[in-house]
Amino acid sequence: MVVDVSYISKETSDHLEDVMLGAPSVTGIVAVQGAFAEHAAMLDRLGVPWKLLRNGEDFDDSIARVILPGGESTTQGKLLHQTGLYEPIAAHIAAGRPVFGTCAGMILLARELEDDPTVHFGAMDVTVRRNAYGRQLGSFSADADIDFSVDVADGDLGEEVTGDAAEADYVACEVNPRIDDYPVVFIRGPLVSNVGEEANVAAMVNGQVVAVRQGNLIATAFHPELTDDTRIHEFFLSL
Amino acid sequence: MAFAERNELNKNLAQMLKGGVIMDVTTPEQARIAQDAGACAVMALERIPADIRAAGGVSRMSDPAMIRGIQEAVSIPVMAKVRIGHMAEARILQAIEIDYIDESEVLSPADDVYHIDKRQFDVPFVCGAKNLGEALRRIEEGASMIRTKGEPGTGDVIQAVRHMRTMNRQIRELASLRDDEVYEAAKQLAVPYELAMYVHENRRLPVVNFAAGGVATPADAALMMELGAEGVFVGSGIFKSGDPAKRAAAIVQATANWQDSDLLARLSENLGEAMVGINEDEIETIMAARGE
């Protein structure tokens, strides 16, 4: 489904100036290339403030969390540097703040890419294989069960969360981190070929890891923004 | 997989290309330059439109071996062109797993009546359109992305502007009608009622719409984005210019940040020679008139 026409020219959610005071509360959506408007439409469905991040100056004190949308990762990687967005986002990640990467966004967050020496943010302890299902003829959709509740080293999919830090994190979650039967859409999608100790598997499709969590960073190889199911965005907003 | 499901995935790929620049390339080396400059996809073809125009004669689908060479050279999506109505060429491109087929007026048409029945294919198609009627007819045939035709190989943006303005004006007109007037509008446009109703209700095409045909400078790209394009195709404009790598990168940035005038000023500096260009009243072949 194509995004509503209003998003072709919309730069922020409505009434953004009313929420800019006080603690950072705005979701910044990186808007250098790709399906950023689709994420904006998703956040409007949830009624939360957002603004597009087109250059470094857009990244102000109001930004509480960041979405890295789908698109072409090579294009986005170059434009992040040219627009001055790379540094503030890297600092945001280093400060432990929430980031959600979808498809190209997962590639930008990965510590390592297969067959490509390029590293963008290098924040998540995973190795990502780009175009893992081949060309466009390999694109597909399916349903998957997703579980973002595990956030401790060596945790397995579905394992009960233990440890004080994880407990606190779990309790802080008002939203259910377990999301069943989620429609997953892969468009020339990547997959996670290796999960390091710091990252945790959140979802698998056809025996392959397609969603991961590492603290306040979450990444999916598929495109929640192309569906009308808001559950993953709701979980991200709870981080 | 059913057409509806495949078509949705194909429309989704176009959504991922939004805000980006798709560049014509003729060699793996050019494809790498385009990718390094930040192109979101490349269009593989043997001759760019300006050379097709200069050479005359019949121009056809490119050699699949040449297209494969470009597929191997880059990780971004690779598109290629077939002649209007030439389903056999399209099947060949599907067989080599092209990411998008451009059923293009730049090549010599193979059929002066019928377009390809694109619903019979799994790979996505992008088609050119000068107005809303053409766009919706191509979508009904199964196209999952639309671009303006513009006038390829000229470096003259006037026709791309005309087609984008026409399409968006017609969309606004259709949206402003009473519901019971849409039947007649669909008849006038020669399009299916359901698609006319979609545009009436949603004030946009049901697929992504890029600009193409005559874009040669960062300012041209910014102009098309301001007029409502969701991304830009650049054909001859890059590799017919003096410094392709620099111009390609500048057009990519201009497309991403088209509202930033200070940036556009910097991007437009010292780009070297732009492609020479031909005015629309100096050309003999009007490619945009092919396939309505």
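Please read these numbers as outputs of a predicted model, since none were measured by experiment.

### Describing the overall build of chain A
Here comes step 1: The helix and strand tally for chain A stands at 7 helices and 12 strands.
Here comes step 2: Taken across its 239 residues, chain A has 58% of its residues classed as buried.
Here comes step 3: For chain A, long-range pairs separated by at least 24 residues make up 72% of all intrachain contacts whose partners lie at least 6 apart in sequence.
Here comes step 4: In the structure as shown, chain A presents an accessible area of about 9,000 Å², 47% of it carried by carbon and sulfur atoms.

### Brief notes about the UniProt feature "active site" (unreviewed entry) in chain A
Residue and element names in this part refer to chain A.
Here comes step 1: Listed under "active site" (unreviewed entry) in the UniProt record, and renumbered for this structure, are C103, H223 and E225. The largest pairwise C-alpha distance within this set of annotated residues, which runs over 123 residues, is 10.6 Å, so the set is compact in three dimensions.
Here comes step 2: Relative to the assigned elements, H223 resides in the loop between strand 12 (217-220) and helix 7 (231-238).
Here comes step 3: Look at H223 and you get buried, because its relative accessible area is 0%.

### Some words on the packing of aromatic side chains
All names here are of chain A.
Here comes step 1: In this structure the tally under the stated criterion is 12 aromatic pairs over all chains.
Here comes step 2: With a centroid separation of 5.0 Å and 75° between ring planes, the pair formed by Y133 and F140 is classed as edge-to-face.
Here comes step 3: Judged by its relative accessible area of 14%, F140 falls in the buried class.
Here comes step 4: Relative to F222, the ring of Y182 has its centre 6.2 Å away and its plane inclined at 45°; by these criteria the two rings are tilted.

### What to know about the sheet that holds strand 6 (residues 145-148) of chain B
Residue and element names in this part refer to chain B.
Here comes step 1: In space, the 8 strands of this open sheet follow the order 7-6-5-4-3-2-1-8, with parallel pairing throughout. Bordering the open sheet on either side are strand 7 (208-210) and strand 8 (232-234), each of which pairs with just one other strand. Across this sheet, the average inter-strand angle for adjacent strands is 30°, counted without regard to direction.

### Details of the interface of chain B and chain A
Here comes step 1: Taken together, the 47 residues of chain B in the interface contact 39 residues of chain A.
Here comes step 2: Taken together, both faces of the contact between chain B and chain A bury some 3,400 Å²; the carbon and sulfur share is 52%.
Here comes step 3: At the boundary of chain B and chain A, one finds 3 salt bridges.
Here comes step 4: R135 of chain A is paired through a salt bridge with D99 of chain B; the nearest N and O atoms lie 3.7 Å apart.
Here comes step 5: Our count for the chain B to chain A interface comes out at 26 residue pairs in polar contact (both at pLDDT 80 or more).
Here comes step 6: Of all the secondary structure elements, the ones that give two or more residues to the side of chain B that touches chain A are helix 1 (3-17), helix 2 (28-37), helix 4 (64-73), helix 9 (193-202) and helix 12 (244-256) of chain B.
Here comes step 7: Here the element with the most residues in the side of chain B that touches chain A is helix 1 of chain B; it accounts for 10 residues.

Cut-off values and rules
Note on numbering: residues in each chain are counted from 1, in written sequence order. The naming scheme follows written order: chains are lettered A onward, ligands numbered 1 onward. Local features in this predicted model are restricted to residues whose pLDDT is 70 or higher, and side-chain atom pairs enter the listing and the counts only when it is 80 or higher, whereas totals over whole chains, interfaces and linings include all residues. To get the side-chain values, all heavy atoms of the structure are used, and hydrogens and water are removed first. By definition, any uninterrupted DSSP run of H or I lasting at least four residues is a helix, any uninterrupted run of E lasting at least two residues is a strand, and each is numbered from the N terminus. Residue burial is assigned from relative accessible area. The probe radius is 1.4 Å, only protein chains are included, and a residue is buried under 20% of its type maximum, exposed over 50%, and partly exposed in between. Only heavy atoms enter the contact rule, under which two residues are in contact if any of them lie within 4.5 Å. Areas reported as accessible are Shrake-Rupley estimates using a 1.4 Å probe. Residue values count occlusion only from the protein chains shown. UniProt positions are given in the numbering used here, feature names are shortened, and annotations may be inferred rather than shown by experiment. Aromatic contacts are taken between Phe, Tyr and Trp rings whose centres are within 6.5 Å, Trp giving its six-membered ring; a plane angle under 30 degrees counts as stacked, one over 60 as edge-to-face, and the others as tilted. A pair of strands is labelled paired if DSSP reports no fewer than 2 bridges between them. Axes, fitted as lines to C-alpha atoms, cover a helix only where it is in contact. Angles between the N-to-C directions of the axes lie from 0 to 180 degrees. Buried area: the accessible surface (1.4 Å probe) lost by two parts on joining, summed over both. Any carboxyl oxygen of Asp or Glu that lies within 4 Å of a side-chain nitrogen of Lys or Arg is treated as forming a salt bridge with it. Pairs of N or O atoms within 3.5 Å make up the polar contacts considered here, provided that, within protein, one atom can donate a hydrogen while the other can accept it, and that residues adjacent in sequence are counted only when both atoms are side-chain atoms.

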